[in-house]
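For reference, the chains in residue letters:
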Amino acid sequence: MRDATILIIDDEAKMRRLMDLVLRPEGYRLLQAESGEAGLKLLEEGGIDLVLTDIQMGKVSGLDVLKHVTTECPDVPVVVITGFGTVKSAVQAMKTGAFDYISNPIDNDELKIIVKRALEMRRLTQENQGLSRELRERFD
C-alpha cells in the first residue's frame, strides 16, 4: 500500500517532521495534526489507512485517539509512539487495541517496518472482508 494515507498526530513539530522525512520517500501520503483534537477531526473526514500517534499530548491523549479509532474505525491500525515509554503504558496501549508501540528515539528502519506491517495487515483485513461479503452475497 505505497499510496496509503498515514495520519501523524504529535504535539511536537520536530517529531512530525522527522516521521515525514522518513516515510514520505516510501511513497505514502502523510497528513499531520498537532493535537489529538485536530487528529480526530482529520479522522472524521475519512480516507486514513494508518494512524501514528504520540501518547502524551494535551487534552486528547494518544490513548484517547486510540480508543476512538478502535471504536469508530476498527480496521485502521494505530501505532502509539512516546518518549515516555513504560511497560505499563505499552501494555495499556496494546490492550486498548494498538497495532504496535514504539519508544523514542525512533529507529527509522523500525518505523518503516512497523508501518509496512500495519498497512499489510489492513490490506489483508479489507481483502478478507470483501471475500466474505462476496461469499455471503453469492450463497445466501
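Residues take numbers from 1 onward in each chain, read along the sequence in its written order. Confidence filtering applies because this is a predicted model: local features only for residues at pLDDT of at least 70, side-chain atom pairs given and counted only at 80 or more, and all residues used for totals across whole chains, interfaces and linings. Working from all heavy atoms in the structure, the side-chain values ignore hydrogens and water.

Student: Which residues make up the overall build of the chain, and what values go with them?
Tutor: When you go through the chain residue by residue, the secondary structure sums to five helices and five strands. Helix and strand assignments follow DSSP, with helices taken as H or I runs no shorter than four residues and strands as E runs no shorter than two, numbered in order from the N terminus. In sequence order, the secondary structure elements of the chain are arranged as β-α-β-α-β-α-β-α-β-α. For a compact globule of 140 residues, the expected C-alpha radius of gyration is about 14 Å, and the chain comes in at 15 Å, within 12% of that figure. When accessible area is computed with a 1.4 Å probe and restricted to protein chains, residues below 20% of their type maximum are described as buried, those above 50% as exposed, and intermediate ones as partly exposed. Taken across its 140 residues, the chain has 44% of its residues classed as buried. We call two residues contacting when some pair of their heavy atoms lies within 4.5 Å. The contacts in the chain between residues at least 6 apart in sequence include a share of 61% that link residues at least 24 apart. Only the protein chains shown count as cover for residues, with accessible areas throughout obtained via the Shrake-Rupley method and a probe of 1.4 Å. Carbon and sulfur atoms make up 51% of the accessible area of the chain, which totals about 7,900 Å². Only four residue types enter the charge count: Lys and Arg as positive, Asp and Glu as negative, with His and the chain ends excluded. Note on charges: their place is set at NZ of Lys, CZ of Arg, CG of Asp or CD of Glu. Separation of charge centres in the chain, based on 19 positive and 24 negative side chains, amounts to 1 Å. Every radius of gyration here is taken over C-alpha atoms, with the globule rule written as 2.2 Å times N^0.38, N being the number of residues.

Student: Explain the pattern of salt bridges to me, using residue names and the numbers behind them.
Tutor: Salt bridge, as applied in this entry: a Lys or Arg side-chain nitrogen positioned within 4 Å of an Asp or Glu carboxyl oxygen. With the rule as written, the count across this model stands at eight salt bridges. In this structure, the salt-bridge partner of glutamate 120 is arginine 123, at a minimum N-O distance of 2.6 Å. Taken together, the residues glutamate 120 and arginine 123, both in helix α5 (residues 108-139) and three residues apart, mark about one turn of the helix. On the basis of relative accessibility, which here comes to 34%, the residue glutamate 120 falls in the partly exposed class. Two residues, glutamate 127 and arginine 123, come together in a salt bridge whose shortest N-O distance is 2.8 Å. One end of the pair is glutamate 127 and the other is arginine 123, both in helix α5 and four residues apart, which spans about a single turn. What makes arginine 123 partly exposed here is its relative accessible area of 30%. Overlapping salt bridges bring together Asp49, Asp75 and Arg122 as one network.

Student: Describe the sheet that holds strand β4 (residues 78-82), listing the residues and the values that go with them.
Tutor: Strand pairing follows a simple DSSP-based rule, namely that at least 2 bridges must link the two strands. Here five strands make up an open sheet; going across it, the order is β2-β1-β3-β4-β5 and the pairing parallel. Whereas interior strands pair on both sides, the edge strands pair on one side only; in this sheet they are β2 (29-33) and β5 (100-103). When the angles between neighbouring strand axes are averaged without regard to direction, this sheet yields 20 degrees. Pairing analysis gives four bridges linking strand β1 (residues 5-9) to strand β3 (residues 50-54), with the strands arranged parallel. Directly across from isoleucine 8, in β3, lies its bridge partner leucine 52. Only C-alpha atoms enter the line fits that serve as axes; for helices the fit covers just the stretch in contact. Angles between N-to-C directions range over 0 to 180 degrees.

Student: Could you give an account of the pairing of β2, naming the residues involved and the relevant values?
Tutor: The sheet contact formed by β1 and β2 spans five bridges and is parallel. Pairing of isoleucine 9 across the sheet is with alanine 33, part of β2. Crossovers are described as right-handed under a simple rule: with the strands pointing away from the observer, the path leading from the first strand over the helix to the second runs clockwise. In this region the chain leaves β1, passes through helix α1 (residues 13-23) and returns to the parallel neighbour β2; the handedness of that crossover is right-handed.

Student: With reference to specific residues and values, describe unusual backbone geometry.
Tutor: Looking along the chain, the bond that leaves asparagine 104 and enters proline 105 is cis, with omega of 0 degrees. The topology assignment puts proline 105 in the loop between β5 and α5.

Student: Please set out the environment of glutamate 44 residue by residue, giving values where relevant.
Tutor: Summarising the element assignment, glutamate 44 is placed in helix α2 (residues 36-44). In this structure glutamate 44 comes out as exposed when scored by relative accessible area, which is 63%. C-alpha of glutamate 44 to C-alpha of valine 69: the two residues are 25 residues apart in sequence and 9.9 Å apart in space.

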